[in-house]
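# Topology and contacts: notes
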Protein chains: 2
Amino acid sequence: MDLKAYLKEQSRLVDEALEHVIPGEKILPHSLHEAMRYSVFAGGKKLRPILVLAACEAVGGRIEAAMPAACALEMIHTYSLIHDDLPCMDDDDFRRGRATNHKVYGEARATLAGDALLTAAFAVLSDPDINAGTDPAVLLRVVSMVSHAAGSLGMVGGQVADMESEGGLQVDLPTLEFIHTRKTGALILASIKAGALLGGADEQALGALVRYGETAGLAFQIADDILDIVGTQEEIGKDVGSDQARGKATYPSLLGLSESRRRAVELRDQALDSLDPFGEAAEPLRAIARYIVDRTS
Amino acid sequence: MDLKAYLKEQSRLVDEALEHVIPGEKILPHSLHEAMRYSVFAGGKKLRPILVLAACEAVGGRIEAAMPAACALEMIHTYSLIHDDLPCMDDDDFRRGRATNHKVYGEARATLAGDALLTAAFAVLSDPDINAGTDPAVLLRVVSMVSHAAGSLGMVGGQVADMESEGGLQVDLPTLEFIHTRKTGALILASIKAGALLGGADEQALGALVRYGETAGLAFQIADDILDIVGTQEEIGKDVGSDQARGKATYPSLLGLSESRRRAVELRDQALDSLDPFGEAAEPLRAIARYIVDRTS
């Protein structure tokens, strides 16, 4: 399949949906909605929402049913980036080649824009009009799963653990895995699960996609660590070597580059194996797993 | 009824429930859960969760069914206080007589503790074990309602509007009402609605309680503005005159003290009228409406 064309088209569909679910800049308070939209429509890769839709497709679901969750996952990811970039956190001035939210709107408004995006994600997941036709019990299950993945035992917990590991003692592999499975892995896995649930997956299909999400998610993180060393700025959208500059533990720093690559390839193959039950409909998920790892070699 | 004893007992029940739904300090990351708990168990009045329980009681519901929502509303309120106190916002060092969250845990961790509490609120509202026995469709309606109330069209929007009004041009009454109905009113109303829905209210009872929530919520805000001028520090838990010091528009500054009191009394009476259909079971809601206003005179 033509992955590039697929990603572009799915990304366009997600942008179109996000356009409808986030209040417009003409709605009060103008500056808040402008700040929310500034970061949501900043041209990100939209990996999480695309995984939501691809997982839904893999189990034979209608992507319309999964689109609100796709938007919600992108909104949660975006809020986490806005808060990560704040002066009290990573203090980054640029993100995806543009000034970060707080550089444009000020720290207070950026903090609140992040808060509002996180809150709006749950509004989108639960709104009866946006989710017309979807079983409330399934929606509630998605709300529960996503909120657990994004909170103190998931993404936010990973962020705190990552912060506390910086510049401190040498981080060991279990700690690095604790951080990665939470900081990025939890939301990637939640995206896959949300798509599967909203696509009507039975428990067996859900289990297979969870294995895909766990392995592909970790492969993604290892690949990201590798790209931080060997990638070009264009490929990774941030400064090359920024992890090293911060003294952050990464897979290459703990395992070396070639062992990191070997693990990424192994995880990719496990991810592909877990898709065996799905046939043609899982082709996008397969192509994404390959792409994640192959761009590092 | 003995309101003081009632508030104390309900507050104890809410604390007990919060103790169970917020991860313990022994769970990783320790510092994050410690920071979340520091602000949740800081001895606040617990007005919002008590309103959830009282509204549930008024319609004849079981308070156990409303307890998760009571916890969630308190967690959302607490996250908003943690973020409000940040240096980039109000830059407050003390809250309820104790050092603010960022003074103890640092800005980054306080920001993330707020994020995690907001996220955890939705986990508590939707978790199948915590909400065993409650209809998923009702829970989803509560998630939707609460997320709308807490977001950019509700509480966060009110906070941005409030921030933008400070030290600027003279704020007029419609702007002040825009701010108050969102910044504090939205979450108070959401508390009442959540309790009513989880208590099994029909649409008519829900409508009556919405009128109660709207009027009592605004009365609460006017009373707060009055207390900022005439109260003692003990009564209001923050510095007397802090609104004036910040040049904030308040009801007394726009309408004068006696007209503000007249409005608060009028709103209290409207709130009491809206409870006519409920009889004895609404006694706590009546006592709360009276208390809100009567402490200002």
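All right, on to the overall build of chain A then. The number of helices and strands found in chain A is 16 helices and two strands. Here chain A has a C-alpha radius of gyration of 18 Å; the compact-globule value for 297 residues is 19 Å, and the two agree. In terms of overall dimensions, chain A has C-alpha extents of about 50 × 50 × 35 Å along its principal axes. Here chain A holds 297 residues, and 55% of them are scored as buried.

Here we come to the nonpolar core. By size, the foremost hydrophobic cluster in this structure holds 195 residues, and its most contacted members are A194 and A219 of chain A together with A194 and A219 of chain B. The contacts of A194 of chain A, once residues within four sequence positions are left out, are V52, A66, A69, L73, V142, M145 and V146 of chain A.

Between chain A and chain B, the superposition needs a rotation of 180° and an axial shift of 0.0 Å, giving an RMSD of 0.0 Å. A rotation of that kind, with that shift, is consistent with a two-fold axis. Same-surface contact between copies: 100% of interface residues of chain A are shared with the interface of chain B.

For the rest of this paragraph, the subject is the interface of chain A and chain B. Contacts between chain A and chain B engage 45 residues on the former and 45 residues on the latter. Those elements that provide at least two residues to the side of chain A that touches chain B are helix 2 (30-40), helix 6 (107-126), helix 7 (136-150) and helix 8 (155-165) of chain A. A total of 13 residues in the side of chain A that touches chain B trace back to one element, the largest contributor, which is helix 6 of chain A. Residues of the side of chain A that touches chain B, tallied by class, amount to 27 nonpolar, 13 polar and five charged.

With that settled, the discussion passes to the packing of helix 3 (residues 47-58) of chain B against helix 16 (residues 283-294) of chain B. Residue and element names in this part refer to chain B. Between helix 3 and helix 16, the shortest axis-to-axis distance is 8 Å and the interhelical angle comes to 135°. Regarding the angle of helix 3 to helix 16, the classification is oblique. From helix 3, A54, A55, E57 and A58 reach across to helix 16, where they touch P284, L285 and I288. Among the residues forming the contact of helix 3 with helix 16, the class breakdown is six nonpolar, no polar and one charged.

Turning our eyes to something else, we now look at helix 9 (residues 173-183) of chain B. Along an α-helix, residues three or four positions apart point the same way, because every turn accommodates 3.6 residues. Turning to helix 9 of chain B, its buried residues number three or more, namely L176, I179, H180, R182 and K183 of chain B. The secondary structure elements touched by the buried residues of helix 9 of chain B are helix 8 (155-165), helix 10 (185-198), helix 11 (203-230) and helix 14 (251-255) of chain B.

With that settled, the discussion passes to the environment of Q221 of chain B. Residues and elements named next belong to chain B. Here Q221 is to be found in helix 11. In the structure, Q221 is positioned 167 residues away from A54 in sequence and 19 Å away in space, judged by C-alpha atoms. For Q221, the contacting residues outside a window of four places in its chain are H180, T184 and G185.

Another point: the environment of D294 of chain A. Inspection of the secondary structure puts D294 of chain A in helix 16 (residues 283-294). Separated by 30 residues in sequence, D294 of chain A and A264 of chain A place their C-alpha atoms 9.2 Å apart.

A word on the confidence of the model for chain A. Of the residues in chain A, 93% have a pLDDT of 70 or more, and the chain-wide mean is 93. On the interface metric, ipTM, the complex scores 0.95, and its pTM is 0.96.

What follows deals with the environment of R261 of chain B. Residue and element names in this part refer to chain B. Relative to the helices and strands, R261 is located in helix 15 (residues 257-274). Taking the C-beta count within 10 Å as the criterion, R261 has 20 such neighbours and is therefore assigned buried. Between the C-alpha atom of R261 and that of A223, which follows or precedes it by 38 residues, the distance is 7.6 Å.

Bringing unusual backbone geometry into the picture now. In this structure, P29 of chain A follows L28 of chain A across a cis peptide bond, with omega equal to -10°. You can see P29 of chain A is positioned in the loop between helix 1 (3-21) and helix 2. Despite not being glycine, K46 of chain A has its phi angle at roughly 60°, a positive value. Mapped onto the fold, K46 of chain A is located in the loop between helix 2 and helix 3 (47-58). Within the chain, R96 of chain B stands out as a residue other than glycine whose phi angle is a positive 50°. With respect to the helices and strands, R96 of chain B occurs in the loop between strand 1 (94-95) and strand 2 (98-99). Classification of R96 of chain B as partly exposed rests on a count of 13 C-beta atoms within 10 Å.

It is worth spelling out the packing of helix 2 (residues 30-40) of chain B against helix 6 (residues 107-126) of chain B at this point. Residues and elements named next belong to chain B. Contact geometry of helix 2 with helix 6 gives a least axis separation of 9 Å together with a crossing angle of 75°. Relative to helix 6, helix 2 is oriented roughly perpendicular. Mapping the contact onto sequence places S31, L32, A35 and M36 in helix 2 and R109, A110, L112, A113, A116 and L117 in helix 6. By residue class, the composition of the contact of helix 2 with helix 6 is eight nonpolar, one polar and one charged.

Compared with an ideal rise of 1.5 Å per residue, which puts 18 residues at 26 Å, helix 15 (residues 257-274) of chain A spans 26 Å between its outermost C-alpha atoms and is within 8% of the ideal. Buried-residue contacts for helix 15 of chain A involve helix 11 (203-230), helix 14 (251-255) and helix 16 of chain A.

Parameters and conventions
- Residues numbered from 1 in each chain as written.
- Chains lettered and ligands numbered in written order.
- Predicted model: local features only at pLDDT ≥ 70, side-chain atom pairs only at ≥ 80, totals over all residues.
- Helix = DSSP H or I, 4+ residues; strand = E, 2+ residues; numbered from the N terminus.
- Rg over C-alpha atoms; globule rule 2.2 N^0.38 Å.
- Buried ≥ 20, exposed ≤ 12 C-beta atoms within 10 Å, placed from the backbone.
- Core = buried A, V, L, I, M, F, W, Y, C linked by C-beta atoms within 7 Å.
- Contact = placed C-beta atoms within 7 Å.
- Least-squares fit on C-alpha atoms with pLDDT ≥ 70 in both.
- Nonpolar A, V, L, I, M, F, W, Y, C, P; charged D, E, K, R; others polar.
- Axes fitted to C-alpha atoms, helices over the stretch in contact; angles between N-to-C directions.
- Parallel < 35°, antiparallel > 145°, perpendicular 65-115°, else oblique.
- pLDDT = per-residue confidence, 0-100.
- Expected span 1.5 Å × (residues − 1).

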